[in-house]
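# Results of the structural survey
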Amino acid sequence: MDVDAKTGPDQITAPLVVQSRTFGAIAVIERNCPLCGHDNAGEPERAESFDVWTVRRCAKCGFVYTDKAFYGEHPPADVRLSQSRLSKFMRFRLHLLGRKQWDVLVEVWAQPGAVMDLGCRDAAWVEELSPAFVPYGIEPDPHLAEAAAQRLIERGGTCINGPIVGGLSMLEDGFFSAVLLRSRLQREVDPLGVLRETHRVLRPGGVALVKVPNFGALNRMIMGAKWCGLRYPGHINHFTENTLSKMGEKAGFSVHHGLTFTLPTSDTMYAAFKKAGGRSRRYSACRGG
Ligand SMILES: [Zn+2]
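Residues numbered from 1 in each chain as written. Predicted model: local features only at pLDDT ≥ 70, side-chain atom pairs only at ≥ 80, totals over all residues.

Below, the discussion takes up the nonpolar core. The biggest cluster of nonpolar side chains holds 60 residues, and the ones touching the most others in it are Val 115, Met 116, Ala 178, Val 179, Ala 208, Leu 209 and Val 210. Among the elements that take part in this core, strand S10 (residues 202–213) stands out by supplying six residues, more than any other. Apart from the residues lying within four places of it in its own chain, the contact partners of Met 116 are Tyr 136, Phe 176, Val 179, Leu 180 and Val 201. Within the second largest apolar cluster, six residues are counted, among which are Phe 50, Trp 53, Trp 227 and Leu 230. (Core = buried A, V, L, I, M, F, W, Y, C linked by C-beta atoms within 7 Å. Buried ≥ 20, exposed ≤ 12 C-beta atoms within 10 Å, placed from the backbone. Helix = DSSP H or I, 4+ residues; strand = E, 2+ residues; numbered from the N terminus. Contact = placed C-beta atoms within 7 Å.)

Right, dumping it as structure tokens:
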């Protein structure tokens, strides 16, 4: 077993077994920076590290990531260390400010046509979606995929039961008007690879709509390892507005934001990644904000 080789943007290598205080003996793969491929083993551990899940900042590009990922079909349930110091009222207000409705985002940003939801769970949200869109999904969990398929087939689409990258690789080029990555990219071993496949399956002028935890949030800076956006071992990519934009551009997209897509007071952020071509459509800062 070659345990020295690590994952980079374009490679997945053999797993090794580590002893976790929380999960016992657990198979993991080691990772280089998922944005630029740099090996940061010599960089200091950040304060967000927990148990065997070491968080590092790439010395070359600044991306913050967990340098191991769980390996296997049945990941353990995520552990959260979060303790909010904010009042219930304040959390409610921040929630209202930051949260978006996906049916509205799709209608504002996408041309009518096929919409792919990566990790669609039971696809309940499509009941609010305009009939101008035909919803599809990829879902790794077989029970959720079955529930999603019932909803999606009714609307003219379908659900693929399987891993995200494997499911994407089955799809033809240039078919979708929009691809949704709802709280997805922070969990992917190779997020750049997922975005490149997303770019391939979008038609010219198509858009990828992304939601991830906002590592640049003020609350993260206060809470450290107890920030609500950190979950172990599920969340392994920790995006700021800057590194999310860099990754979108590296995958071939132009990056757009609405007015409230990246608030420092919100624990989550959004981005619209547009594929070049298609009918010209102007995007403005007030769109979808
Ligand atoms: Zn890097």
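The omega torsion across Tyr 232 and Pro 233 is 5 degrees, close enough to zero to call that bond cis. Tracing the chain through its elements places Pro 233 in the loop between helix H6 (218–223) and strand S11 (237–238). Its identity as a non-glycine residue notwithstanding, Asp 51 has a phi of 55 degrees, on the positive side. Residue placement: Asp 51 occurs in the loop between strand S2 (24–30) and strand S3 (55–57). Here the phi dihedral of Ala 123 falls at roughly 60 degrees; this positive angle occurs in a residue that is not glycine. Note on placement: Ala 123 falls in the loop between strand S6 (113–118) and strand S7 (133–139).

This part takes up the sheet that holds S6. Pairing within the open sheet is mixed, and its seven strands lie in the order S8-S7-S6-S9-S10-S13-S12. The open sheet has two edge strands with one neighbour each: strand S8 (159–161) and strand S12 (254–256). Each neighbouring strand pair of the sheet contributes to a mean axis angle of 20 degrees, computed without reference to strand direction. Here S7 pairs with S8 via three bridges, running parallel. (Pairing = 2+ DSSP bridges. Axes fitted to C-alpha atoms, helices over the stretch in contact; angles between N-to-C directions.)

Time to look at the sheet that holds strand S4 (residues 64–66). Strand order in the open sheet formed by three strands is S3-S4-S11, with antiparallel pairing between adjacent strands. On the outer flanks of this sheet lie S3 and S11, each paired with one strand and no other. As defined by bridge partners, S4 adjoins S11 across two bridges and the pair is classed as antiparallel. For Val 64, the partnering residue across the bridge sits in S11 and is His 238.

Below, the discussion takes up the packing of helix H5 (residues 191–201) against helix H7 (residues 241–250). Between H5 and H7, whose axes approach to 9 Å, the crossing angle comes to 50 degrees. The angle between H5 and H7 places the two elements in the oblique class. Once H5 is placed against H7, the crossing between them reads as right-handed. Contacts between H5 and H7 involve Pro 191, Leu 192 and Leu 195 from the first element and Met 247, Gly 248 and Lys 250 from the second. Of the residues assigned to the contact of H5 with H7, the class counts are four nonpolar, one polar and one charged. (Parallel < 35°, antiparallel > 145°, perpendicular 65-115°, else oblique. Left-handed = near helix turned anticlockwise from the far one by under 90°. Nonpolar A, V, L, I, M, F, W, Y, C, P; charged D, E, K, R; others polar.)

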